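Understanding the architecture of this molecule
Listed below, chain by chain, are the residues.
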Amino acid sequence: CMVHYFSKVKNILSDVEVVSLHDFEVDPRRRPRILVQTAGHVSGAVRYYKPCDVQVEQRNNNFYPVCHHPRWGGWFALRGVLIFPGLEDSTLVRPQPPDLLSSGEAGEMLELYNLHWQDWRWRDVGCPEEKYSPAQIKYFETPPAERFKLIQDYLANNNPSQDESSS
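Residues numbered from 1 in each chain as written. Predicted model: local features only at pLDDT ≥ 70, side-chain atom pairs only at ≥ 80, totals over all residues. Heavy atoms only, no water.

Some points on the side chain of Arg47
Where we set the bar: Helix and strand assignments come from DSSP, with helices taken as H or I runs of at least 4 residues and strands as E runs of at least 2, each series counted from the N terminus. In this scheme, a residue with accessible area under 20% of its type's maximum is buried, one over 50% is exposed, and one in between is partly exposed, where area comes from a 1.4 Å probe on protein chains only. Neither His nor the chain ends contribute to the count of charged residues, in which Lys and Arg are positive and Asp and Glu negative. Whenever Lys or Arg places a side-chain nitrogen within 4 Å of a carboxyl oxygen from Asp or Glu, that contact is recorded as a salt bridge. Throughout this description, a polar contact denotes any pair of N or O atoms lying within 3.5 Å of each other; where both atoms belong to protein, one of them has to be capable of donating a hydrogen while the other can accept it, and for residues adjacent in sequence the pair is counted only when both atoms sit in side chains. The contact rule is simple, with two residues in contact once any of their heavy atoms fall within 4.5 Å.
Following the sequence through the fold, Arg47 ends up in strand E2 (residues 47-49). In this structure, Arg47 is buried with no salt-bridge partner, the nearest side chain bearing the opposite charge being Asp99 at 4.1 Å. Polar side-chain contacts of Arg47 include one of 3.0 Å to the backbone oxygen of Pro97. Within the structure, Arg47 has its side chain in polar contact with the backbone oxygen of Pro98 (distance 3.3 Å). Aside from chain neighbours lying at most four places away, what touches Arg47 is His41, Val66, Cys67, His68, Pro97, Pro98 and Asp99.

Details of helix H3 (residues 103-116)
Quick note on the threshold: In this scheme, a helix's expected span is set at 1.5 Å multiplied by one less than its residue total.
Under the 1.5 Å per step criterion, the end-to-end length of H3 is 19 Å for 14 residues, consistent within 8% with the ideal 20 Å. Ala106, Gly107, Met109, Leu110, Leu112, Tyr113 and Asn114 are the residues of H3 that are buried. Structurally, H3 contributes buried residues whose contacts are with E2, strand E3 (66-69) and strand E4 (73-75).

Functional significance is not addressed by these values, which are geometric in nature.
Right, dumping it as structure tokens:
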């Protein structure tokens, strides 16, 4: 799905050189071609919190970093970037990443993400404007092989034309 939409953007901008990099792409040494969370931070879209940035008690020094978005809260799955190598703008200002969490909140988010990621609390640190709906949470908690059936069931039970015909 994501690759499809990246391709659509590249087709729309066919007169401009566009390089797309996805979070799943690796180089010949099996290293990521892009560190998307870092790219999100550098672009000013999210704040990238690393354990060394805040006071957080780690076990075995193995906490993974995570991003915080000002609208959607805790966020780890930035899926890719579009790069425009031929475009330059000397007046372009690099936006600073949003710094909305206190050190304590950032530490709490890192702890929740690393120790309790399955219960989704880490996403709600800092009172995001929008949260995942129960249907979205159920989708992401469903193993990928079972998601198509989940979508079919959802569509069968929530079809607007069925609602209209039953009234």
